[in-house]
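The lines below spell out each chain.
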Amino acid sequence: MKSVQKSSPLLLLIAGAKGAVGSTVAVAGSALQKDTEKVLPNLTTADMFAEVLPANQIFVAGWDSSDKSLIDSVLDHEVLNEKIWTGYKNDLEQIHIQEVPESHLTPKAQVEKLQDDIRNFKKRYIGAKPVLINLLPACGDVDLSHCNNLSDLYDELKSVTFPDMMYTIAAVTSGVPVVNFSSNSLEVPVIVNEAIKHNVPISGKDGKTGQTYFKMVLASALKARNLLVNGWYSLNILGNQDGENLSDPHKASEKLRNKVDLLNEILGYKVEDKNGNTTHKVHIDYYPPRGDSKEAYDVIDVSGIFGLQMSIRLNLLGRDSILAAPLVIDLARWMAILQMTGRSGIVPELGFYYKKSVSNHPSVTFQEEFAQLQKLYVECNSKLGERL
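Residues numbered from 1 in each chain as written. Predicted model: local features only at pLDDT ≥ 70, side-chain atom pairs only at ≥ 80, totals over all residues. Heavy atoms only, no water.

Caption draft 1: Summary view of the environment of His-361. Position of His-361 relative to the elements: it lies in the loop between β11 (345-346) and α13 (366-387). Taking C-alpha positions, His-361 is 43 Å from Tyr-88, a pair spaced 273 residues apart along the chain. (Helix = DSSP H or I, 4+ residues; strand = E, 2+ residues; numbered from the N terminus.)

Caption draft 2: Highlighting the state of the cysteines. One pass over the full model with this rule turns up zero disulfides. Considering cysteine sulfurs only, Cys-139 is the nearest to Cys-147, which forms no disulfide, with 14 Å between them. You can call Cys-147 buried: its relative accessible area is 5%. (Disulfide = S-S within 2.5 Å. Buried < 20%, exposed > 50% of the residue type's maximum accessible area, 1.4 Å probe, protein only.)

Caption draft 3: Main features of the pattern of salt bridges. In this structure the tally under the stated criterion is twelve salt bridges. Of the charged contacts, one joins Glu-369 and Lys-208 as a salt bridge, the two residues approaching to 2.8 Å between their closest N and O atoms. Of this pair, Glu-369 sits in helix α13 while Lys-208 sits in the loop between β6 (201-204) and α9 (211-224), placing them 161 residues apart in sequence. The pair formed by Glu-369 and Lys-208 is uniform in burial state, with each residue classed as buried. (Salt bridge = Lys/Arg side-chain N within 4 Å of Asp/Glu carboxyl O.)

Caption draft 4: Broad picture of the packing of helix α1 (residues 20-34) against helix α12 (residues 320-340). Running from amino to carboxyl end, α1 crosses α12 at an angle of 60°, the nearest separation of the two axes being 9 Å. Between α1 and α12, the crossing angle belongs to the class labelled oblique. Here α1 runs over α12; the crossing is right-handed. Between α1 and α12, the contacting residues are Ala-20, Val-21, Thr-24, Val-25, Ala-28 and Leu-32 on the first element and Ser-321, Ile-322, Ala-324, Ala-325, Val-328 and Ile-329 on the second. The residue inventory of the contact of α1 with α12, partitioned by class, reads ten nonpolar, two polar and no charged. (Axes fitted to C-alpha atoms, helices over the stretch in contact; angles between N-to-C directions. Parallel < 35°, antiparallel > 145°, perpendicular 65-115°, else oblique. Left-handed = near helix turned anticlockwise from the far one by under 90°. Contact = heavy atoms within 4.5 Å. Nonpolar A, V, L, I, M, F, W, Y, C, P; charged D, E, K, R; others polar.)

Caption draft 5: View of the nonpolar core. Counting residues in hydrophobic clusters, the biggest one holds 58 residues, and the most contacted among them are Leu-12, Ile-133, Trp-334, Leu-350 and Tyr-353. Mapped by element, the contributors of at least two residues to this core are β1 (10-15), α1, β2 (58-64), α2 (70-77), β4 (129-134), α12 and α13. Tallying contributions element by element places α12 first for this core, with 13 residues. Discounting residues that sit within four places of it in the chain, Tyr-353 has contacts with Thr-44, Thr-45, Asp-206, Gly-207, Lys-208, Leu-327, Asp-330, Leu-331, Trp-334 and Leu-373. (Core = buried A, V, L, I, M, F, W, Y, C linked by side-chain atoms within 4.5 Å.)

Caption draft 6: How the structure looks around helix α8 (residues 189-197). Residues Val-190, Ile-191, Val-192, Glu-194 and Ala-195 constitute the buried set of α8. Against the buried residues of α8 lie α6 (150-157), α7 (163-173), β6 and β11. Positive phi appears at Asn-199, one or two residues downstream of α8, with a value of about 60°.

Caption draft 7: Examining the packing of helix α5 (residues 107-124) against α7 more closely. Two elements in contact, α5 and α7, have axes whose closest approach is 8 Å; the angle formed by their N-to-C orientations is 50°. The angle between α5 and α7 falls in the class oblique. Our pair here, α5 against α7, has a crossing hand that is right-handed. Residues Pro-107, Gln-110, Val-111, Leu-114, Gln-115 and Ile-118 of α5 touch α7, and the partners they reach there are Met-166, Tyr-167, Ile-169, Ala-170, Ala-171 and Thr-173.

Caption draft 8: Fine view of the sheet that holds β6. In spatial order, the strands read β3-β2-β1-β4-β5-β6-β11; together these seven strands make up an open sheet with parallel pairing. Because the sheet does not close on itself, it has two edges, and the strands there are β3 (97-99) and β11. Pairing of β6 with β11 involves two bridges; the strand directions are parallel. Each residue of the ladder has a partner; that of Pro-201, found in β11, is Gly-345. On the sheet, α1 packs against β1 and β2 and is oriented at approximately 160° with respect to β2. Each of β1, β2, β4, β5 (178-180) and β6 touches α12; the most contacted strand, β4, lies at about 135° to it. (Pairing = 2+ DSSP bridges.)

Caption draft 9: Local environment of the packing of aromatic side chains. Taken as a whole and judged by the stated rule, the model has twelve aromatic pairs. Following the ring pairs from residue to residue traces out a cluster consisting of Tyr-213, Phe-214, Phe-352, Tyr-353, Phe-366 and Phe-370. (Phe/Tyr/Trp six-rings, centres within 6.5 Å; stacked < 30°, edge-to-face > 60°.)

Caption draft 10: Representation of the pairing of β6 in the model. Where burial is concerned, the two faces of β6 agree: the one with Pro-201 and Ser-203 and the one with Ile-202 and Gly-204 are both buried. Bridge count between β5 and β6: three bridges; the pairing is parallel. Looking across to β6, one finds that Val-178 is bridged to Ile-202. Handedness of the β5-α8-β6 crossover: right-handed. (Right-handed = clockwise from strand over helix to strand, strands pointing away.)

So, in structure tokens, the structure goes:
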């Protein structure tokens, strides 16, 4: 008779734990423990893997540079009103958030400090399945793909500002899966090789939460109907810290590139005029009055038979962190399960959750990505069944 595998709690180790998304994830984690139905129905993994990784067994820890308490951070971001989170105040006060490594340390010393933190987190939450969640701000295009080994990587990191990579190295070499929810490029060959070596799955990049998710759905539908997209104008207005950070053109460059590339990949052609000038415009504007309640506006121009023109307008009034937080939890659950099944390295099947799926041959339409996700679920269930 096969023995029943013991269930394990999930441990989210969040880099950027006191940010708008990170603090919302912390509240959502507490809610999953006490008032499961307030969060569970919005998880895409709600009905998955309950026997080995119950959704209501979740802990949150991590790092942040802010000296404010987590509760003060929840208050300052104004994502959730007090009626929602005050019932979890005691739980939030117990969440352990470490200081970030001091910037004057060498990259290798920073990694060693983070490795020590991870060891302590594992001791604190014995038996939990840890997953690193990268929620650090966009830092622009940093190319480290030419590095041949960790030593080369450490040398390159001395001259660039890229804290995400230190967390990633520390996690991978500590056997902890990585979710890269940021637009920063962490999945360079050295990291992928180290992940395979340490039996660690990694996924990324750039969480697909609001405007880009609906752009993908609509672009896939237009492609299926063979309606030619002549132009697509996208404006994203947000007033939180992410919006402020992205007001820097250099820091926004990678995220904007991800948004532009996605449409071309889905359609299979560049959206441009007859002279070859792009007619796919993407803008991110920092507008403080919006706070975390972002607004996205899209104008899509298409043509049908006889070249006759038609136009679509899409207006999304969303909540940035409310859209992102459940996806972070979903991805953490996926990564813990994938490690349990023996998966390591890049997991392109999770492209459903990302603007820029890291893969040599990524699925491009919504239908393809959703089918890949369903296939992955079947494969994981099969492998878990073999281990029971």
